[in-house]
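# Residue-level structural notes
Here are the chains, one letter per residue:
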Amino acid sequence: MSVNVNKKFVSQFVTQHELVYAAPAATAALSLVKSKNGPGSNFLGWVDLPVNYDKEEFARIKAAAARIKSMCDVLVVIGIGGSYLGARAVIEYCKSNNYNALPKDTPEIYFAGNSISASALSDILKMCEGKDICVNVVSKSGTTTEPAIAFRVFRDLIVKKYGEEGAKQRIFATTDKARGTLKTFADREGYETFVVPDDIGGRYSVLTAVGLLPIAVAGIDIDALMAGAAAAREEYMTLPFADNAALQYAALRNILYKRGKGVEILVSYEPAAQMMSEWWKQLYGESEGKDGKGIYPASVVFSTDLHSLGQFIQDGSRTMFETVIDVVSPKDHIAIPDDPEDTDGLNYIAGRELDEINHKAMLGTLLAHVDGGVPNILLETPDRSEDETGRLIYFFELACAVSGYMLGVNPFDQPGVESYKKNMFALLGKKGSEERGAELAARIAEL
């Protein structure tokens, strides 16, 4: 078993009998997932994905990744939300948050189309100057505003640089299997396409072609990633509550929520986990935040953020709990050198490894925050290998689905996401929304 839920630092806030009482609800929620009889059941394709994925497409993903690595210095991944967060999270978690700057034999990977900032897009264009470029545009429809704008810009760049024929070899579209604006356009232009499955929502799509193509380009073993997810599926879909880390995590979250803890802070002690936290925030925020309910997902990287948010967490409003990811085995080893003059007073740790000091910082923080009234759930994972990353992804996905059902919401829809889009389209004068645009402009003028 990979992810272990260590309850030492939450036990004074949640009693064992409360967990026992929560077990039937968590088990019933898991049954809804397994039977596919709950709300949103048409978006449960991710449940069996690690064992039922399209093997032919998987082989094409690896072949396309090999071609991209052979002909490109830079891969630009265009997408927003679940269309890019999972891929970036895995690349940085398995490799480094400094992936692009480090020496390597794989392309630099930049993510565009996740904002409407001219400066952000301009920066990526500048980083591509003088380099061979490939593009992976990821969009179910092809009409989502942010990635559609970026794709226009980068397609224009590639066609001007390589011609229409050259563009066919350098643009890859991950989109709907059979329909939609992007699928139609990609087929017409001759771009290779990969599938965004109909039964898997964007925030659950990291182990589909949506995430796997960029991940493979980064030199990450996607076979091992899928094997880890498959092992987690076997574990968490079959083990009873008493031995099931995913069910226990879901139950603990819901118990704390009922106690008035409406904010969950995901804590990591590795900067490489920052984008994994961003992926987690979308997964849980979009799945649970509806019907006036939900735990607000936040994140920090310690010890860095202890010097900015530590005061609030220690002594501020008691509305939060923390979930701490402890990566047990470090990827790298650095020992503290000895200083004969002991100028900085650190000789008491000379010769000891940074990871040991990081671990002590974690334990010290856990104790301090618990003493300050903040419950802490400790998730222990062996390392940041592809196998264990696949296990961690599946752990969070399944726990999210179970937790959402326990909360009494549909974990697989996101009706609130459309509200800002309708207003933005109206204000921009999109055809058919002119009247609403005028009403909104008048409201703004009155403010």
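Now for a look at the structure at hand. Keep in mind it's a predicted model, so treat the numbers as computed, not measured.

### Section: helix H3 (residues 55-71)
Look at H3: 25 Å from first C-alpha to last across 17 residues, which is about the 24 Å you get at 1.5 Å a residue. Residues of H3 that are buried include every one of Glu57, Phe58, Ile61, Ala64, Ala65 and Ile68, and no others. Projected down its long axis, H3 carries its buried residues within an arc of 120 degrees, all on one side. Lining the buried residues of H3 we find strand S2 (74-78), strand S4 (133-138), strand S5 (171-175), strand S6 (192-195), helix H8 (209-217) and helix H9 (222-236). Here H3 starts with a cap whose side-chain oxygen sits 3.0 Å from the backbone nitrogen of Glu56, and that cap is Asp54.

### Remarks on the state of the cysteines
Per the counting criterion, the structure on display carries 1 disulfide. Sulfur-sulfur distance for the disulfide between Cys72 and Cys134 comes to 2.1 Å. Taking the torsion about the sulfur-sulfur bond, which here is approximately 50 degrees, the covalent link between Cys72 and Cys134 counts as right-handed. Pair noted here: Cys72 is in the loop between H3 and S2 and Cys134 is in strand S4, with a separation of 62 residues, a long-range link. The residues Cys72 and Cys134 share a single accessibility class, namely buried. The thiol of Cys128 is not disulfide-bonded; the next cysteine sulfur, from Cys72, is found 10 Å away. Cys128 sits in the buried class, given a relative accessible area of 3%.

### Regarding the pairing of S4
Most of S4 is tucked away, with 6 of its 6 residues classed as buried. A two-sided burial pattern is seen for S4, the buried positions comprising Ile133, Val135 and Val137 on one face and Cys134, Asn136 and Val138 on the other. Bridge count for S2 against S4 is 5 bridges, and the pairing is parallel. Bridge pairing links Leu75 to Cys134 in S4. Sheet topology note: the S4/S5 ladder contains 4 bridges and is parallel. Paired with Asn136 across the strands is Phe172, a residue of S5. Traced from S4 through helix H6 (residues 145-170) to S5, the parallel crossover comes out right-handed.

### Quick look at the environment of Ser287
Tracing the backbone through its elements, the reader meets Ser287 in helix H11 (residues 274-288). In the structure, Ser287 is positioned 190 residues away from Asn97 in sequence and 26 Å away in space, judged by C-alpha atoms. Those residues within four positions of Ser287 in sequence are excluded, and the remaining contacts are Arg203, Tyr204, Gln282, Cys400, Val409, Asn410 and Pro411. For Ser287, the side chain forms a polar contact with the side chain of Arg203, separated by 2.8 Å. At 2.6 Å, the side chain of Ser287 forms a polar contact with the backbone oxygen of Leu283.

### Some thoughts on helix H15 (residues 418-428)
Of the positions making up H15, those classed as buried are Lys421, Met424 and Ala426. In this structure, the buried residues of H15 make contact with H6 and helix H16 (434-446). Directly after H15, the chain includes Gly429, whose backbone phi takes a positive value near 85 degrees.

Analysis parameters
Residues numbered from 1 in each chain as written. Predicted model: local features only at pLDDT ≥ 70, side-chain atom pairs only at ≥ 80, totals over all residues. Heavy atoms only, no water. Helix = DSSP H or I, 4+ residues; strand = E, 2+ residues; numbered from the N terminus. Expected span 1.5 Å × (residues − 1). Buried < 20%, exposed > 50% of the residue type's maximum accessible area, 1.4 Å probe, protein only. Arc of directions from axis to C-beta. Contact = heavy atoms within 4.5 Å. Polar contact = N/O pair within 3.5 Å; in protein donor to acceptor, adjacent residues only side chain to side chain. Disulfide = S-S within 2.5 Å. Pairing = 2+ DSSP bridges. Right-handed = clockwise from strand over helix to strand, strands pointing away.

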